[in-house]
Structures are given as C-alpha cells and as structure tokens.
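Structural overview for review
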Amino acid sequence: MSSPRLKPRAFSLNRPALLIAQFSFIMLITLSAISIKQIQQDWRKEQRITLTLIAKQQAEIISQKVTHALSATYLLSKQIKHDQGQVIDFEQQASYLFNHIKGIDSLQLAPNGTVEYIYPLEGNEKAIGHNILQQDKRKEEAQHAIQQQKLTLAGPFRLVQGYNAVIGRNPIFIEAQGRSLFWGFASVVIPIKQLLNGNNLRQLESHHIQFRLTTLRHLGEPVTQILGNVDLQGDIFASAQLSIADNQWQLELAQQDPNQHLILTKLWATAAILSSLLSFLIYNLASYPLRLAQKVAKQTKELSRLAYFDNLTGLKNRTLLQLELAKTLQRLTQQNEIEQSHQIAALVYLGVDDFKRLNDAFGNKIGDELLLEVTHRLHNICSKKDIITRAGGDEFAIILPPQSSLKSIEIWLQMLLKTLGQPISIDGHQMQFSISAGIALLPQDGDSAEVLIQHANLAMTHAKQKGKRRFMFYNNSMEARVKSNLSVELELNKALKHDELVLFYQPIVDLTTSKPIGFEALIRWQHPEKGLIFPDAFIPVAEQSNLITEIGYWVLEAACKALPNFPPHIQISINVSARQFMDPQLATRMKQIIYQYHATPNRITLEITETLLIENIEQVVSSLKNLRDFGLGISVDDFGTGHSSLSKLKLMPISTIKVDRAFIMDLPDNKEDKELTEAILVMAQKLQLKVVAEGVETAEQRDFLLANQCNFGQGYYFSKPVPLDQALVYTERMLIKK
C-alpha cells in the first residue's frame, strides 16, 4: 500500500518546480511577445522614414527631368511669339534644344492644332498632318490647354515607334490687334524609359523595394500608371507627390523583407523550446532580438547609403552635399555674428577636363578607374575637416572649413590641381589629364546651398573656358558672360549656315629669296551688322561646343576651293583645334572634302598646337600617321609654349615646326630669346625639320633668323593677313620680282 502514498508525494514535490517552469515559460513568452512587437514597430518606423526620404529624392529627380524637358516647349513658344507667328529656323532651334536638353525624343510645332514641323523628322513622318484637336485620342486635354492657356502633359501612351511616352503640349497665343489669338501648339515627346536614367529606382529592386509611378489628371482617365509594378506588395509603403504641368504624379514605394516572417517563426520556436531552461531562455531572449536589431540596423544603413552616398566612389552624394553646405553656411554666419569676425569658408567645385573625350577614347571602365583615382588623391590631399563629395558625373565638390585668409585657400588650391593632374597608368594606358576648379566663398557668394553650388559650378565652367588646368573664384560678371557666350554661339550657328565666315591669307616666305612658298588660312567673321570680327572674339566660344569641329571642316573646304587659284608650288596651312582632332571621323571627313574638290593632299598642311602633343600621345601619333600617309603635311604651331619633350617630338610624324611669335618679337636684342631661338633651330636641324618663324616684323629679325639658318618666316614684315584676291596679287607680284 506504500506505492499509492508515494505517487501523490512525488507529485506534490514536483508541483512547485512545474509551476515555476510554467510561470517562467509564460513570463518568457510574454516578454518575448512584447519585445518582438516593439522591434517590429521600431523597424517599420525607421524603414518608413528612410523609404519616404528615398521616395522624395527619386520624385525630385523625375520632376526635374520632366520639367527640364518641358522647358523646350516654352523656348519654342517664346520664339514663335517673338517672330509674330512665323516659323523661322525651326530645325536649327530644335536641333540646339534637342542636343542641350536631355530626355527629349522629338520636338513638334502644330499650327492651328495640325502637326507641320517635327525634329528629328526621321522615324516620325507619320505624325505630319496629325490634327491634335480633332484626331487625337486625348483631344480634350488639348482643348483644355487652350481654354486654360497653360501647358498640359498627356499620356502615357504607346507610340508607333514601339515605346511608351508622355507628351507636353504648350498652347501658343499671339497678340494681334489687342486680342490674344490661338496659334497652335509647341510639343515635346518624352520617352518613359528616360525617366529611369540618372536615378536608383532599378537598384532599389535588389533591396526588395517595388515602385510605381502614376499620374492623376483633370481630364481623361483619372489614374494611369507610368512606370513600375501594377500591384505593389510589401510590408512598408511610402509615397511622394510630383506637380508637373497640370498633372499630379505620385511615386509609391513598397518594401518587403522575405526573411521577416521566417525570423519571427524561428524566434517563437526558440523561445518555446528553451523555456524549460530559464537562464538560457533569458539569455536567448536578450541576445536574439539584439541580433535581429543589428540586421535591421544594417539594412537601414544600406538604404541610407543609397540615399546619401555615391555607388562608385563611396563619397557623399549631391543630396548630402546640399545638407552639409547648408549646415556649414548656418554655423559660419552665426559664428561671425557672435565673434564679430570675418572668417570665410569655401565650396570648391572640381571637374575632370575633357572627361567625355577620355571616356569615349578608352571606355567606361577606364573612365570609372580614373574617377576612383581622383577620389583616392582627394582623400590624400584633404584633411579630416574637409567634406569631400561627388556632385555627379566627373564633378566633385569639397567644403573647406572656416578660415581667416583667402591666401591660404589659394595656396591649397594650387597644390590640389598640381597633385590631381599627375599622369596615371590604367590597364596599360598612360593617361595625362587635368582638373579645373571653381570656388564660391561662404557667406558672400550665396545665401543658400543651392545658390552656392550654382555659383561654384559656374566658376568652374569659366576656368575650363579660360584654358583648363586652373581655378577661378566666382564673381557676378560670370553670369552675364554665360548669356553673352550663348548669344555668340547662336549667331555663329547662323553664320555657318548663311556663309558669313571668310578666310584671310598670310604668306609664309622663303627667307633667302623673300618669295612666298605658302599661306596660312586665317578665319574671320563678316557679320552683317557688326562688320569684320576677328577670331579671338568667337573661336573661344566655338571651342566650348561642337561648333569648332564644324568650323574646322568649313575652313578645309574653303581652302580646297581657293587652292587652284594659287601657283602649283604654293601650299595652304590650316589650323586644327584639339577638339576637332579628337573627332573619330577626322581622317574620313578630311579625305572626303579633299576628294570632293580634287585637291592635292601634299599642298595642304595641318597645323596642330604643341599642347595636343603632350596629351594622349598614343592616339595622337596614330591619327597623325594616318593623315601623313594620305599626303597631308603636319606642322606644330606655337612651338616652344607647350613644354613638349624632345623624346615625344621624335615620335611625331611632323615635317615643320612654327616658332611662336613670343620668341621672335624681341629679337635680336633679348639675350634669353636669342638663346632659346638658336636652340630650337639647332634642334630642328638635328631632327631634319623645317622651321617657320612667326611674328617677323623687322628686317633685323629676318637677318638674325637667316644667319641662324631658319628656313621660312611669317609676319607683318612680309604681309598682314589679306583676303584671297589680295593674296593672289601679292603672290604674282613677289614671284615676278627679282
């Protein structure tokens, strides 16, 4: 009978432990539930904040792209109004806008609602004659635009070319006899795929973030999807509104963590299995949520990196640049007010000179490696207090902390450009590149981060225009200069089309006989209103665009036309700019022009600058050999100013060097110029090169050059540059003169 008594006792002895275990299990499960719920809430809150920031940033990028593209309709509309409803030079204006405003597929003009002008026409021929007000599926939007006299944004819809696009239509009204009359529409077609360029929407998908871009319109279909997923699936949602023309667009983001439910299941299972061991349960309860929180923090950090840091270089991006710059400006202003001081900070805006040309020549991979090397050098140069950012493309920005002396900034900038401009070897390619910089000073050059960035960028642009490899501080006159240059560029475009450019010819003379052996063709602009304009007034502007390349080919064509008028032994030299020389079609187009006018190649000499020989020597040598083998002469212009080495000169397939006028003007009195000129002439004789001395203006200079066995001379002593008819008269007179 003892057994029945023992069982109840055993039960009674185990009951407290069972109750404690049960109580511990219940308490642990309760604490786990509270902790897990809190972690979920915190994670969702942080992710929602980050997701909202990303949505606003990406929405701003899309809004800027569309608004920038729509600006083309305002410019076309303004031109139509200016010309009183006449369509003048549409193709030229549209071509300029098409090449300077990104994201445009085509530009259209529709007088009275009927499409009559399209650029580019190729591929868009079917749209000619299309009546927007009668035939278009969205004619209500067009009529609404007329009633409201505002630009409307139609679409998206699928084009006959096979892709989706939106169309901005800007109604044009002409003031006539005190009334505002509807003229027609200026339209721009914006491909939907262009909206993805320059942002990180596609990259977000790798972080389990879906996106959808929709538009809400006053007329037509109320809600239309533009980009992204039809049905967003996720645990966290965020959105941002975009106001574009008469539309309200909305960018929605949804994030889903595929591992979240699995993590929660494991957490609950672990808590249930280990509940019998109280100490281990407590440890596990403390440690596992911590690991979960670390994973959440890592994901949050990665999303933050996408929002604020550049993917290639790891530097802070333009968004963070604006935030940091605003903080620096605010702190500096407050510090100066409190301390009654005048300390200055600086925004240094850097750009790699001719980066697009380097990228095209060597490929995107080499271009990226170059940007990484620039980043590495910036880290070595800058102090921990300096804020280094990548502003975009080949551009970097550095915020220098407050300091009392402008001189210290200038010294630092000189060291910066020198260090960044050192040669670099990437994948066996020896590359010589340079950096230009613009500086905006805080607080005097701007009262906001946006204005300071704009002014520093403008100063950098002027540094590039002044010859690159330099830095410039912002000043108020720069904005006026930009407008002036744009005006010159537009007029120069017309000058090319209307045959306003002319060539003058300056003789190159045999110093022993004083007879001409050739002429250098020098460009002039015969402006219909301003008269004769010399090249220094328009060539620098042309060199900032593709115009210099087209001008170069025009000069060759004009020289080929003039060549038959000269005696057979006379050669014509033409200048080739560095930008034209890097044109991949250079040799092909030159040969086509020479063949077209049946010109003899060995009567034409190409003059290139010595600076061109210094950079990208492999590409330069290859191109020069191709042109020389065709029969063209190659001459180095302004020799002595570019610091090219003798070893490089020996590699070049050149036949002539032209000594810069700076070495000739003070001969024979200046001892230093005498020695330098004598050294150049001796070197040329050793290399069996012909020498042309530029800027000969006196008989003493001619006699000195003759005594030192200089072959040829050019300058006002013989003749100033003259039109073709006077050059022919000069040639005839000098050849018959004994």
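A quick note: this is a predicted structure, and the numbers were derived from the prediction, not measured.

Let's talk about the pattern of salt bridges
- Counted under the stated rule, the structure contains 12 salt bridges.
- Asp310 serves as the salt-bridge partner of Arg390, at 3.0 Å between the closest nitrogen and oxygen. Taken together, the positions of Arg390 in strand β11 (residues 387–392) and Asp310 in the loop between α6 (278–308) and α7 (318–339) put the pair 80 residues apart, joining distant regions of the chain.
- For Arg390, a relative accessible area of 13% gives the class buried.
- Lys658 is the salt-bridge partner of Glu694, the closest N and O atoms lying 3.7 Å from each other. Residue Glu694 is found in strand β24 (residues 690–694), and its partner Lys658 is found in strand β23 (residues 656–659); the two are separated by 36 residues along the sequence. Side by side, Glu694 and Lys658 carry an identical accessibility label, which is buried.
- Bridged by salt links that share partners, the residues Glu520, Glu607, Lys658 and Glu694 form one connected network.

Side note on the confidence of the model for the chain
- Taken residue by residue, the chain gives an average pLDDT of 81. The fraction at 70 or more is 85%.
- Mean pLDDT across the secondary structure elements of the chain bottoms out at α6, with 61, and peaks at strand β17 (residues 501–510), with 95.
- Across residues 1–14 the pLDDT falls below 50, and counting only partners more than four positions away or on other chains, this stretch makes 0 contacts in the model.

Topic: unusual backbone geometry
- Across the junction of Leu442 and Pro443, the peptide omega takes the value 5°, indicating a cis bond.
- Mapped onto the fold, Pro443 is located in the loop between β15 (435–442) and α11 (449–465).
- Between Leu667 and Pro668 the backbone carries a cis peptide bond, its omega angle lying at -5°.
- Position of Pro668 relative to the elements: it lies in the loop between α20 (661–664) and α21 (671–686).

Re the environment of Pro401
- With respect to the helices and strands, Pro401 occurs in strand β12 (residues 395–403).
- For Pro401, a relative accessible area of 23% puts it in the partly exposed group.
- Non-local contacts of Pro401, meaning those with residues more than four positions away in its chain, are made with Ile344, Ala345, Lys385 and Asp386.

A closer look at the side chain of Glu500
- Counting through the fold element by element, Glu500 comes out in the loop between α12 (477–497) and β17.
- The side chain of Glu500 is buried and forms no salt bridge, while Lys494, the nearest opposite charge, is found at 8.5 Å.
- In contact with Glu500, other than residues within four places in its own chain, are Ala495, Arg524, Trp525, Gln526, His527 and Pro528.

Some thoughts on the pairing of strand β1 (residues 106–111)
- The element β1 is largely enclosed, with a buried count of 6 among its 6 residues.
- Every second residue of β1 is oriented toward a common face, with Ser106, Gln108 and Ala110 on one face and Leu107, Leu109 and Pro111 on the other, all of them buried.
- The sheet contact formed by β1 and strand β5 (residues 179–191) spans 6 bridges and is antiparallel. By the bridge assignment, Ser106 is partnered in β5 with Val189.
- Two strands pair when backbone bridges link them, and β1 and strand β2 (residues 117–119) are joined in this way by 3 bridges, in the antiparallel orientation. Following the sheet pairing, Gln108 is matched in β2 by Ile118.

Quick notes on the sheet that holds β2
- The strand order across the open sheet built from 5 strands is β2-β1-β5-β4-β3, with neighbouring strands paired in antiparallel fashion. In this open sheet, the two strands that pair with only one neighbour each are β2 and β3 (152–158). Taken over all neighbouring pairs, the strand axes of this sheet differ in orientation by 20° on average, direction set aside.
- As paired strands, strand β4 (residues 164–176) and β5 are joined by 12 bridges and run antiparallel to one another. By the bridge assignment, Ala176 is partnered in β5 with Arg179.
- Contacts between helix α2 (residues 90–100) and the sheet are confined to β1 and β2, with β2 contributing the most and set at about 35° to the helix.
- The sheet strands contacting helix α3 (residues 139–148) are β3, β4 and β5, and the helix crosses β3 at an angle near 170°.

Analysis parameters
Positions within a chain are numbered from 1, following the residues in the order the chain's sequence is written. Owing to the predicted nature of the model, reporting of local features is limited to residues with pLDDT of at least 70; listing and counting of side-chain atom pairs is limited to 80 or more, with chain, interface and lining totals taken over all residues. Heavy atoms throughout the structure, all of them, feed into the side-chain values; hydrogens and water do not. The rule for a salt bridge is simple: a side-chain nitrogen of Lys or Arg has to be within 4 Å of a carboxyl oxygen of Asp or Glu. Each helix corresponds to a stretch of at least 4 residues labelled H or I by DSSP, and each strand to a stretch of at least 2 residues labelled E; elements are numbered beginning at the N terminus. In this scheme, a residue with accessible area under 20% of its type's maximum is buried, one over 50% is exposed, and one in between is partly exposed, where area comes from a 1.4 Å probe on protein chains only. What pLDDT expresses is the predictor's confidence in each residue, scored from 0 to 100. Contacts: residue pairs with any heavy atoms within 4.5 Å of one another. Here Asp and Glu are counted as negative and Lys and Arg as positive; His is not counted, and neither are the chain ends. Strands qualify as paired when DSSP identifies two bridges or more between them. Lines are fitted to the C-alpha atoms to define the axes, a helix being fitted only along its stretch in contact, and any angle between axes, read from their N-to-C directions, falls within 0 to 180 degrees.

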